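Fold and geometry: a report
If you want the building blocks of each chain, they are given just below.
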Amino acid sequence: MAHILVAESADQQRAEIGEAVASAGYAPVFVSTGDDAVDQVRRTPPDLLIADAELTGLDGIALTRQMRQEQPTVPVLLLIDVVNKEVVAAALRAGAAAYLPRQVIARELPAVVKELLNVAASQRRRVMFLQRLASVEYRFDLESDPDLVPNVVSQAELLLSQMELFDDADRMRVGVGIHEAMVNAIVHGNLEVSSDLKNGGWEEYHATIADRRNTRPFADRRVAVLMRAERRRSFAIRISDQGPGFDVSKLPDPNDPAVWEKPSGRGIILIRSFFDEVTFSPTGNQISMTKRQPADG
């Protein structure tokens, strides 16, 4: 079973987090302060760290920054009480894999935990470098099946490793961004399932996905993925769906605090934070994302 460490000092919040994590099938270990979390991580590195952004002493953002230095392959999920642009930006700059407003913990934490554990597990899987390979390009033609998303993420992270791109933390963050974009293409694009269904409970959301995977025209639609990596230079991925598209001008404004508390808005914020360039086709059916190797990388 995955080892999940939770840094939270408030008993009530601990209970809520523990219940949500347990519903995902895991038994978390709790510590009360950021300093305690550092000590625990050094003794036994977890598979996932969940931390309150406002921990006493070493706060959650400082803890995240230290984790990136000492344990870059361990994803950090920050829980934020008052969502504002400065806190979210600081969390992502520090190296957080994701953030979650406290008011949606019960509903969304189980799914986020599973997602981050899957991304982290795939990122840790290594293969030998193909040292003489200057560039690689992969093209995939995929069914509208959400179960294929981890395969795309795993292939991308393997490619990043082979081409000596980015550090472990950035590879994981690229994986999270690809996961978000793939879900958008499959679920929201081809299957036309709205995130608003989550507000009534995950059962209706997942049931609608399952139904549309077997209903035409949704079932006939495909997702095209093109990924290209240049050794020690850059990684680019283009994801195209065959859904009706959307008005790109109506994309959520990342500067609007109201967006940060919505599932759909957070996905776009994560993608734009983790990649250097993000562009959409005029019809909204295609997203292109590019990340370049830092000058000192």
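Below or above, wherever it landed, is the structure these notes cover. Remember, it's a predicted structure, so these values are computed and weren't measured experimentally. (Residues numbered from 1 in each chain as written. Predicted model: local features only at pLDDT ≥ 70, side-chain atom pairs only at ≥ 80, totals over all residues. Heavy atoms only, no water.)

Side note on the overall build of the protein chain
How we decide: Starting at the N terminus, helices and strands are each numbered in turn, a helix being any DSSP run of H or I of at least four residues and a strand any DSSP run of E of at least two. Radius of gyration: C-alpha atoms only; globule rule: 2.2 Å multiplied by the number of residues to the exponent 0.38. Contacts between residues were defined by any pair of non-hydrogen atoms, one from each residue, lying within 4.5 Å. Note that accessible areas follow from Shrake-Rupley with a 1.4 Å probe, and for residues the cover is restricted to the protein chains shown. Just so you know, the count uses Lys and Arg for positive and Asp and Glu for negative, and it drops His and the chain ends. All charge positions are set by atom: Lys at NZ, Arg at CZ, Asp at CG, Glu at CD.
From N to C terminus, the protein chain includes nine helices and 10 strands. What you see for the protein chain is a C-alpha radius of gyration of 19 Å, in line with the 19 Å of a compact globule of 297 residues. Contacts in the protein chain between residues at least 24 apart in sequence constitute 69% of all its contacts with a sequence separation of at least 6. Put simply, the protein chain shows about 13500 Å² of open surface, and 48% of that area lies on carbon and sulfur atoms. A distance of 7 Å separates the average location of the 34 positive side-chain charges in the protein chain from that of its 42 negative side-chain charges.

A look at the packing of aromatic side chains
Heads up, the rule is: Ring geometry is summarised as follows: Phe, Tyr and Trp rings, the Trp one being its six-membered ring, pair when their centres sit within 6.5 Å, and such pairs are stacked at plane angles under 30 degrees, edge-to-face over 60 and tilted between the two. Using a 1.4 Å probe on the protein chains alone, a residue whose accessible area is under 20% of its type maximum counts as buried, one over 50% counts as exposed, and one in between counts as partly exposed.
Under the defined criterion, the tally for this structure stands at three aromatic pairs. On the numbers, 5.4 Å between centres and 90 degrees between planes, the contact of W202 with Y205 is edge-to-face. Within this pair, W202 and its partner Y205 are both found in helix α8 (residues 202-212), separated by three residues, close to a single helical turn. Side by side, W202 and Y205 carry an identical accessibility label, which is buried.

Observations regarding the nonpolar core
The condition that has to hold: Put simply, a nonpolar core is a bunch of buried Ala, Val, Leu, Ile, Met, Phe, Trp, Tyr and Cys residues held in one set by side-chain atoms that sit within 4.5 Å of each other.
Core analysis: the largest hydrophobic core is formed by 68 residues, its most contacted members being I50, L109, I178, M182, F235 and I239. Ranked by residues supplied to this core, first place goes to helix α7 (residues 168-190) with 10 residues. With residues up to four places along the chain from it excluded, the contact list for I50 reads I4, L5, V6, A7, V21, L77, L79, L109 and V113. If you look at the next biggest cluster of nonpolar residues, it comprises 20 residues, including L5, V31, L78 and A90.

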